Amino acid sequence: MRTTPRRTHGAGRALSRAHGMRRALTGALLAGVTLFTATGQAVADDPSASASPAGEEAGPTEAGTTFRTATALKQGQRGTAQASTGDYLYWVFPADAGQRPTVEATVKFPESAARSGASTWQIDVYDGLRRRQACQYGHQTRKAAADAATVELSCVLRTVRSWSEPWANDPLPGSYYVRLTVAGLPAEDLGLPFGAEVRAASKEQNGAHDVDGSLSEPLVPGVSIAAPGDANASAPRTPTTAGPEDGWASGWWTDRWLWTVGGGVLAAFAAVFGYSLTRGRGRPAHVPPVV
């Protein structure tokens, strides 16, 4: 007479445990999904993740003519300059790890300057070691007709990495130089006036391009201290360009930590749930323990 109630009571407890584990696993999955969704939403809402900020700060109105005299430009600023055809114009801006810089340039020809033929314009980007960086895509070189009013150029660089091998030509944190010049034109058009506008911006790529390791100093000319034995060793060299407004990245934090922690939590709950399924329900209530 007591066997049936014991079986029913034991089955009820097992069923209750199974429901409890299912609720726990469901809660863990919902927590993980919420964590990942919140991370993606925070990145999407971050104003630094956009390459086109709403407001632009007034930029410089001149440009340098060499690497040493390059005009400093903040990301998001629009620099302008007036020059003569054949001049080399230089600007420099900072780019940190995890950013994908985009450089846009516009050449404007005044109506009073009568050109005799077409001209070819080009922008080049160099890193802090003055290594020319290739453009992933964009119109790095364009030809302007003799009657064209403007010509627009663009260059999207590869994502800046926090560290790379010495032999590699990967973009690294530091200064990036933009050079705008004419690559080809009729000889009689040399010296004609033109106006230039340059803008540099970056899009955050988050942890997709993170690597282990980081530079001891960003590639900014003059950022390091003078070598021992130098006559001016007591005074640090002044960097030619300022760093990002929020400082250079430390190199250890990345959103991969969030994915790692979230994945570890889900794995732990999955292991507990799997163990609860494989260990069975234990000794039935109606079976006496073996002595």
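As a reminder, the structure under discussion sits directly above these lines.
Please read these numbers as outputs of a predicted model, since none were measured by experiment. Counting restarts for each chain, with residues numbered from 1 along the sequence as it is written. Confidence filtering applies because this is a predicted model: local features only for residues at pLDDT of at least 70, side-chain atom pairs given and counted only at 80 or more, and all residues used for totals across whole chains, interfaces and linings. Hydrogen atoms and water are omitted, and side-chain values are computed over all heavy atoms in the structure.

> I'd love a proper account of the nonpolar core, names of residues and values included.
Only buried Ala, Val, Leu, Ile, Met, Phe, Trp, Tyr and Cys residues count toward a nonpolar core, and they belong to the same one when joined by side-chain atoms within 4.5 Å. Exposure classes here rest on a 1.4 Å probe applied to the protein chains alone. A residue is buried below 20% of its type maximum, exposed above 50%, and partly exposed in between. Counting 29 residues, the largest nonpolar core has Phe93, Trp121 and Phe194 as its most contacted members. Within the second largest apolar cluster, six residues are counted, among which are Phe67, Ala70, Tyr90 and Val92.

> With reference to specific residues and values, describe the packing of aromatic side chains.
Two aromatic rings from Phe, Tyr or Trp, using only the six-membered ring of Trp, form a pair when their centres are within 6.5 Å; if the ring planes differ by under 30 degrees the pair is stacked, by over 60 it is edge-to-face, and anything between is tilted. Under the definition given, this model contains six aromatic pairs. Ring centres of Phe67 and Tyr177 lie 5.2 Å apart, and the angle between their planes is 80 degrees; this geometry places the pair in the edge-to-face category. Of the two residues, Phe67 is situated in the loop between helix 1 (3-45) and strand 1 (71-72) and Tyr177 in strand 10 (residues 174-184); the sequence distance between them amounts to 110 residues. Tyr177 shares its class with Phe67; the two are buried. Only DSSP runs of H or I reaching four residues or more are called helices, and only runs of E reaching two or more are called strands; each is numbered from the N terminus.

> I'd like a rundown of the pairing of strand 9 (residues 150-157), residues and numbers included.
Across the eight residues that make up strand 9, a large majority, six, are buried. Note: two strands are recorded as paired if DSSP finds a minimum of 2 bridges between them. As paired strands, strand 4 (residues 99-108) and strand 9 are joined by seven bridges and run antiparallel to one another. Looking at the pairing, Thr102 lines up with Val156 of strand 9. Relative to strand 9, strand 7 (residues 135-137) is paired through two bridges, and the arrangement is antiparallel. Within strand 9, the position partnered with Tyr137 by the bridge is Val156.

> Give a detailed account of the state of the cysteines, specifying residues and quantitative values.
Throughout, a disulfide means two cysteine sulfur atoms within 2.5 Å of one another. Under the counting rule described, the total for this entry stands at one disulfide. A sulfur-sulfur distance of 1.9 Å marks the disulfide that ties Cys135 to Cys155. Its torsion about the S-S bond being -100 degrees, the disulfide of Cys135 and Cys155 is classed as left-handed. One end of the pair, Cys135, is in strand 7; the other, Cys155, is in strand 9, with 20 residues separating them in the sequence. The class for Cys155 is buried, based on a relative accessible area of 0%.

> Before we move on, could you go through the environment of Asp170 and cite the residues and values that matter?
Relative to the elements of secondary structure, Asp170 occurs in the loop between strand 9 and strand 10. Put simply, Asp170 and Asp127 are 43 residues apart on the chain and 9.5 Å apart in space, counted from C-alpha to C-alpha. Between two residues, a contact is recorded if the distance between any of their heavy atoms is within 4.5 Å. Discounting chain neighbours no more than four positions away, the residues touching Asp170 are Arg131, Gln133, Arg158, Arg161 and Ser164. Think of a polar contact as two N or O atoms within 3.5 Å of one another; within protein, one of them needs to be a possible hydrogen donor and the other a possible acceptor, and neighboring residues in sequence only count if both atoms come from side chains. One polar contact links Asp170 to Arg161, side chain to side chain, over a distance of 2.8 Å.

> Which residues make up the pairing of strand 10, and what are the values?
A regular strand places its side chains on the two faces of the sheet in alternate fashion. Across the 11 residues of strand 10, nine count as buried, placing the element largely inside the fold. In the sheet, strand 3 (residues 89-95) pairs with strand 10 via seven bridges, with the strands oriented antiparallel. Looking at strand 10, one finds that Ala95 is bridged to Gly174. The pairing of strand 5 (residues 119-126) with strand 10 spans seven bridges and is classified as antiparallel. Looking across to strand 10, one finds that Tyr126 is bridged to Tyr177.

> Talk me through unusual backbone geometry; I want residue IDs and the actual numbers.
Even without glycine at this site, Arg130 takes up a positive phi of about 60 degrees. Secondary-structure assignment places Arg130 in the loop between strand 5 and strand 6 (132-133). Owing to a relative accessible area of 44%, Arg130 belongs among the partly exposed residues under this scheme.

> Can you tell me about the sheet that holds strand 9, naming the residues and giving the values?
Spatially, the five strands line up as an open sheet ordered 2-11-4-9-7, and their pairing is antiparallel. Looking at the sheet topology across the chains shown, the edges are occupied by strand 2 (78-84) and strand 7. The average undirected angle you get between the axes of adjacent strands in this sheet is 30 degrees. Axis definition: a line fitted to C-alpha atoms, over the contacting stretch in the case of helices. Angles run 0 to 180 degrees between N-to-C directions.

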